Amino acid sequence: MLEQGELIRYSRQIMIPAIGEEGQRKLKSSHVIIAGIGGLGCTTATCLTAAGVGHITIIDSDSVELSDLNRQILYWEEDVGEKKVVVAQKKLSKLNPTVEIIPIFTKITGENILDIIDGAQVVVDGLDNLPTRLLVNSACVKHKIPYIYGGVSRLRGMVTTIIPGKTPCLACGYPEATQRGGGHGVLGVIPALIANLQALETIKVIIGHSPSLAGRLLLFSGEDVKFRVYDIERNKNCQVCSQM
Ligand SMILES: [Zn+2]
């Protein structure tokens, strides 16, 4: 059930026919995992907290650095040196106290990832390296949990939605942009833009609407300000998803 305060808080999105009270109830009862709360994760977490996703787990093993502040919008100068998940939990809870924010200060490994994502409706990619993304991808395929991939570098970004058993997975082979954003430089608006699209896909999955980027890779170039979308194919020989 939605309480009176929630009906007011979410009124602008409840009046959208595709969401309505039923969609809002689905958001409230859902659990989303945000793997990595950096440039991408800060924005997806903010959007999903504001939208009323009921339970959000944020995972990260880093502390805030001064060089994070150009793009990781949950962290301010006073937070430098603090654990990201602790700062993010505090601020997200102030934004929307009706949402349960679960902070996990840990590095994602092959040992812990299956337990961390168990029971989640969606896992959102906020990571900065390919090996960890592949771990999360395999775990999502195994648990049949949609995984919203996002990657950024310099003035470019990409997004795709992986629905296990239906779309290609990350291990089927995606081009670059799985590299560390910071290593190549990144303008803060790029992860913000990509993360908003990840949040939109997440909400569509939860309310039962077809995610628009399932099996499609969206590439954004900030140089010419163009979005390009490509259909992508499953790899029949993929070691992760070909048995599904
Ligand atoms: Zn695959």
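What counts and how
Residues numbered from 1 in each chain as written. Predicted model: local features only at pLDDT ≥ 70, side-chain atom pairs only at ≥ 80, totals over all residues. Heavy atoms only, no water. Phe/Tyr/Trp six-rings, centres within 6.5 Å; stacked < 30°, edge-to-face > 60°. Buried < 20%, exposed > 50% of the residue type's maximum accessible area, 1.4 Å probe, protein only. Lys NZ or Arg CZ within 6 Å of the ring centre and 35° of its normal. Helix = DSSP H or I, 4+ residues; strand = E, 2+ residues; numbered from the N terminus. Polar contact = N/O pair within 3.5 Å; in protein donor to acceptor, adjacent residues only side chain to side chain. Contact = heavy atoms within 4.5 Å. Salt bridge = Lys/Arg side-chain N within 4 Å of Asp/Glu carboxyl O. Expected span 1.5 Å × (residues − 1).

K.L.:
Any chance you could explain the packing of aromatic side chains here in plain terms?
P.N.:
Two aromatic rings are characterised by how far apart their centres lie and by the angle between their planes. Per the stated rule, a full pass over the model turns up one aromatic pair. Here the aromatic rings of Phe220 and Phe227 are separated by 4.8 Å at their centres, their planes lie at 45°, and the arrangement is tilted. Relative accessible area serves as the criterion here: at 8%, Phe220 is assigned to the buried category. Above the ring of Phe105, the side-chain terminus of Lys83 is found at 4.4 Å from the ring centroid.

K.L.:
How do you make sense of the side chain of Asp125 when you look at a structure like this?
P.N.:
Mapped onto the fold, Asp125 is located in strand 4 (residues 122-125). The exposure class assigned to Asp125 is buried, which follows from its relative accessible area of 0%. Polar side-chain contacts of Asp125 include one of 2.8 Å to the backbone nitrogen of Leu127. Residues in contact with Asp125, not counting those within four places in the same chain, are Ala35, Leu40, Arg133, Tyr147, Ile148, Tyr149, Gly150 and Gln198.

K.L.:
Just checking my understanding: could you explain the pattern of salt bridges for this structure?
P.N.:
It is possible for side chains of opposite charge to pair when their charged atoms get near one another. The full count for this structure, using the stated rule, is 10 salt bridges. Between Asp79 and Lys91 there is a salt bridge, with its nearest N and O atoms 2.4 Å apart. Residue Asp79 is found in the loop between strand 2 (55-60) and helix 5 (84-95), and its partner Lys91 is found in helix 5; the two are separated by 12 residues along the sequence. One exposure class covers both Asp79 and Lys91, and it is buried. Beyond isolated ion pairs, a larger network of salt bridges with shared partners links Asp68, Arg71 and Lys84.

K.L.:
When you look at helix 7 (residues 130-143) in this model, what are you seeing that I'm missing?
P.N.:
Residues separated by three or four positions in an α-helix point in the same direction, a consequence of the helix having 3.6 residues per turn. An ideal rise of 1.5 Å per residue puts 20 Å on 14 residues; helix 7 measures up with 20 Å between its terminal C-alpha atoms. When we look at burial in helix 7, the residues that qualify are Thr132, Arg133, Val136, Asn137, Ala139, Cys140 and Val141. For helix 7, the secondary structure elements touched by its buried residues are helix 4 (39-51), helix 6 (113-117), strand 4, strand 5 (147-153) and strand 6 (156-162). Positive phi appears at Lys144, one or two residues downstream of helix 7, with a value of about 60°.

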